[in-house]
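Summary of the model geometry
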Amino acid sequence: MLPEPLQTELKEKIASCEHPRELVIDVLTAIQEHHGHLSDEAVQDAAALFGLTPLEIDELATFYPFLYRQPVGRYVIHVCDSVICWMENGKGLIEHLQKRLGIAMGETTPDGLFTLLPVCCIGYCDRAPAILVNRKVHGPLNPALLDELIDRLQRQARDGEAAS
Amino acid sequence: MSDYPQVLFRNRKPDRIATLAEYRQSGGYEALADAVRNRNPKAIQEELLAAQLLGRGGAGFPSGKKLMTVADDAPFPRYIVCNADEMEPGTFKDRVLIHADPHQLLEGMALAGYAISASVGVIFIRPEYESAARILEREIGLAMGAGCLGKRIFGSGFSFDIVVHRSAGRYICGEGTAQLNALQARRPNPKLPPPYATEKGLWNQPTVQQNVETLCCMPHVIRNGAAWFKALALTPTGAGTKIYGVSGKVRRPGCYELPMGVPLREIIEVHAGGMIDGLRFKTCLPGGASTRFMTEAHLDLAMDFESLKAKGHRLGTGAVMVFDEQTCLVGATLNLIEFFARESCGWCTPCREGLPYVRDLLWRIENGLGEPWFVGALQQMSKHLWHSYCALAPGAASPLESLLTDFPEEVEDHIRHKRCRFSSSAG
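As a starting point, this report considers the structure included with it. Just so it is clear, the structure is predicted and the values come from calculations on it, not from any experiment.

We now examine helix 11 (residues 264-271) of chain B. Residues and elements named next belong to chain B. Within the sequence span of helix 11, burial applies to Leu 264, Glu 266, Ile 267, Ile 268 and His 271. The inward-facing, buried residues of helix 11 abut strand 5 (241-248), strand 6 (254-259), strand 7 (281-285) and strand 8 (319-324). Looking one or two places after helix 11, you find Gly 273, whose phi comes out positive at around 80°.

This is the structure in structure tokens:
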């Protein structure tokens, strides 16, 4: 169930829009940011907000690579596997990443920190090979730089937890 | 590096975006101010048509003509949709343009809006470009505060608002009709016209969709005139400048603003710094993933829409992807087909069923499991791909057909020796 303040905020946003349907992706993204992913319940909540059927919402929630119908890790790594990154040893980088994290594409590490997802060209061909971590771009990368990045994210998560 | 006039990149800085003040100092918003105060919408359409500004999103449709297809008595409200869903592999010019000088795009949208008496512009932007989306939202606010956008622009009777719409991904959303479905929270499948978007588009209202780069050209055309814009090109068939985004095995990958019609060789060897040391040029895709491979024989071709068309090629988005001698073209084409197969929306059979089949055949060839009859099967499948609902599958067919006709020996070598002899392999 959506918390009251978020529900109110989204309802107000929807009510102020001439064509509320144009906000569906924004609202799904906001709900996803709150819960981490879009559960069946979240799909129903979004449907209720717009007066649409859960099926109409699910048609969208299952279509887009940046909407997650299953739980994901704290850091979602979208690995660009399009042709320029591929040519710049993107395949080796993906293999290195999978080995380092001990997971395959589409999986999440057991500690809940990382999820690996493939994505088509991210538009940073001048910085290939590149990846996105929570939508932020990193590139050009090689295995050593990738290791540094993963180390940094792990440290960041650990320090964050210690602080909280 | 070159003395070519910088029009779209005149305010480009190495480390930050151009501010509103800098944009205005360089003549920004003068075209819009002049248009809304002194010129009528038809005059704007005619200037753009005379300038022969062709759509920079890939299709190359005359932008003035597109604006003119909105009927005089078309209902209100009318919309401008900016396609910032750049997702074609190799293409990153729109990202660079937005990060360089965002007000250029906003002014272009307002001018296009004025030309069809639209009141709202929507920027449809991909999730990978979140930083660009934030920049645009901030700069829209600043432009409104300065009276350049919003109500009664520059004290005229024309009002125009711009909103940023974030997508959640998928290449198909860059296709015009699919994009309108996406904006209206429908599954983004393409839709065959009629009705055309200029008649019944967003919310069933007249809508003109334009690419980021096309819209960015508009203020300059209106401010300096059609003849000036035409004269920027090196070829009589071209007009304006073009952002060529070069990637792959070159020394300086990046975006370069050059005259339309510049030779391919100059783009690669001069502006992008030539091949990386020790590597030899084999081929390039001149305009993104849905164009045909060009070889050394094409290096002196002028890069504009008409010159390439005359040789059976397409300028597309002007995204030049350079491959060296050691890169396997079967592997590269397999990678491209993987992309198209994954990004197919699944709406029609040739695309949904054909692309995975092509992918399977290419994967086998690349991995030493190819049979001679695969070549005929691939040729047949590429013909089927042209009978799809939208341009995604024909786009996928282009590099595939080019591989089979321009590099048949590379395919045959894989099949005959049951292995890939190149260092890079798609696996």
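Having seen the structure, we can now continue with the description.
Here Gln 154 of chain A is to be found in helix 6 (residues 143-163). In this view, Gln 154 of chain A contacts Arg 100, Leu 113 and Phe 114 of chain A; residues no more than four positions away in its chain are not counted.

This part covers helix 5 (residues 93-100) of chain B. Of all 8 residues in helix 5 of chain B, 7 are buried, a share of seventy percent or more. Residues of helix 5 of chain B that are buried: Lys 93, Asp 94, Arg 95, Val 96, Leu 97, Ile 98 and Ala 100 of chain B.

All names here are of chain A. Taken together, the 4 strands give an open sheet; going across it, the order is 2-1-3-4, and neighbouring strands pair in mixed fashion. Both edges of this open sheet fall to strand 2 (114-119) and strand 4 (136-138), since each of them pairs with a single strand only. The sheet shows a mean angle of 25° between the axes of neighbouring strands, taken without regard to direction. As paired strands, strand 1 (residues 75-80) and strand 2 are joined by 6 bridges and run parallel to one another. For Ile 77, the partnering residue across the bridge sits in strand 2 and is Leu 116. Those strands touched by helix 5 (residues 83-101) are strand 1 and strand 2, and its axis lies near 150° from that of strand 1.

To continue, consider the sheet that holds strand 2 (residues 120-125) of chain B. Residues and elements named next belong to chain B. In spatial order, the strands read 3-2-1-4; together these 4 strands make up an open sheet with parallel pairing. Each having just a single partner strand, strand 3 (161-166) and strand 4 (207-211) make up the two edges of the open sheet. The sheet shows a mean angle of 20° between the axes of neighbouring strands, taken without regard to direction. With respect to the sheet, helix 7 (residues 130-145) is in contact with strand 2 and strand 3, its orientation differing from that of strand 3 by roughly 165°.

On to the nonpolar core, then. Looking at soluble globular proteins, one finds that nonpolar side chains tend to be buried together. All names here are of chain B. Among the nonpolar cores identified, the biggest contains 168 residues, and Leu 105, Ile 123, Ile 125 and Phe 160 are the most heavily contacted of them. When residues in this core are grouped by element, the largest group, 9 residues, is from helix 13 (residues 329-343). Apart from residues no more than four positions distant in its own chain, Ile 125 is found in contact with Ala 84, Asp 85, Ile 98, Ala 132, Ala 133, Leu 136, Val 164, His 165, Arg 166 and Ser 167. Met 260, Ile 268, Cys 284 and Leu 301 belong to the second-largest nonpolar core, a separate cluster that totals 25 residues.

What follows deals with the packing of helix 14 (residues 349-366) of chain B against helix 16 (residues 392-406) of chain B. Describing two packed helices takes the angle between their axes plus the distance from one axis to the other. Residues and elements named next belong to chain B. The N-to-C vectors of helix 14 and helix 16 enclose an angle of 25°; their axes lie 11 Å apart at closest approach. One element, helix 14, and the other, helix 16, form an angle in the roughly parallel class. Judged by the twist between their axes, the crossing of helix 14 over helix 16 is left-handed. Residues Cys 351, Leu 355, Val 358 and Leu 362 of helix 14 pack against Leu 392, Ala 393, Ala 396, Leu 400 and Leu 403 of helix 16. Along the lines of polarity and charge, the residues of the contact of helix 14 with helix 16 split into 9 nonpolar, no polar and no charged.

This brings us to the interface of chain A and chain B. The partner chain B presents 52 residues to the 33 residues of chain A that form the contact. Summed over both partners, the interface of chain A with chain B comes to about 3,700 Å²; 59% of that surface belongs to carbon and sulfur atoms. It is Phe 63, Trp 86 and Met 87 of chain A in chain A that bury the most area against chain B; as a group they hold 21% of the surface buried on that side. Counting the contacts that link chain A with chain B gives 4 salt bridges. Put simply, Glu 88 of chain A and Lys 249 of chain B hold a salt bridge, and the shortest N to O gap is 3.7 Å. If you look at where chain A meets chain B, you find 14 residue pairs in polar contact (both at pLDDT 80 or more).

This brings us to the side chain of Gln 45 of chain B. Residue and element names in this part refer to chain B. Position of Gln 45 relative to the elements: it lies in helix 3 (residues 41-50). On the basis of relative accessibility, which here comes to 3%, the residue Gln 45 falls in the buried class. Apart from residues lying up to four places away in sequence, Gln 45 is in contact with Gly 64, Leu 67, Met 68, Ala 115 and Ile 116.

Cut-offs and rules
Residues numbered from 1 in each chain as written. Chains lettered and ligands numbered in written order. Predicted model: local features only at pLDDT ≥ 70, side-chain atom pairs only at ≥ 80, totals over all residues. Heavy atoms only, no water. Buried < 20%, exposed > 50% of the residue type's maximum accessible area, 1.4 Å probe, protein only. Helix = DSSP H or I, 4+ residues; strand = E, 2+ residues; numbered from the N terminus. Contact = heavy atoms within 4.5 Å. Pairing = 2+ DSSP bridges. Axes fitted to C-alpha atoms, helices over the stretch in contact; angles between N-to-C directions. Core = buried A, V, L, I, M, F, W, Y, C linked by side-chain atoms within 4.5 Å. Parallel < 35°, antiparallel > 145°, perpendicular 65-115°, else oblique. Left-handed = near helix turned anticlockwise from the far one by under 90°. Nonpolar A, V, L, I, M, F, W, Y, C, P; charged D, E, K, R; others polar. Buried area = accessible area lost by both parts, 1.4 Å probe. Salt bridge = Lys/Arg side-chain N within 4 Å of Asp/Glu carboxyl O. Polar contact = N/O pair within 3.5 Å; in protein donor to acceptor, adjacent residues only side chain to side chain.

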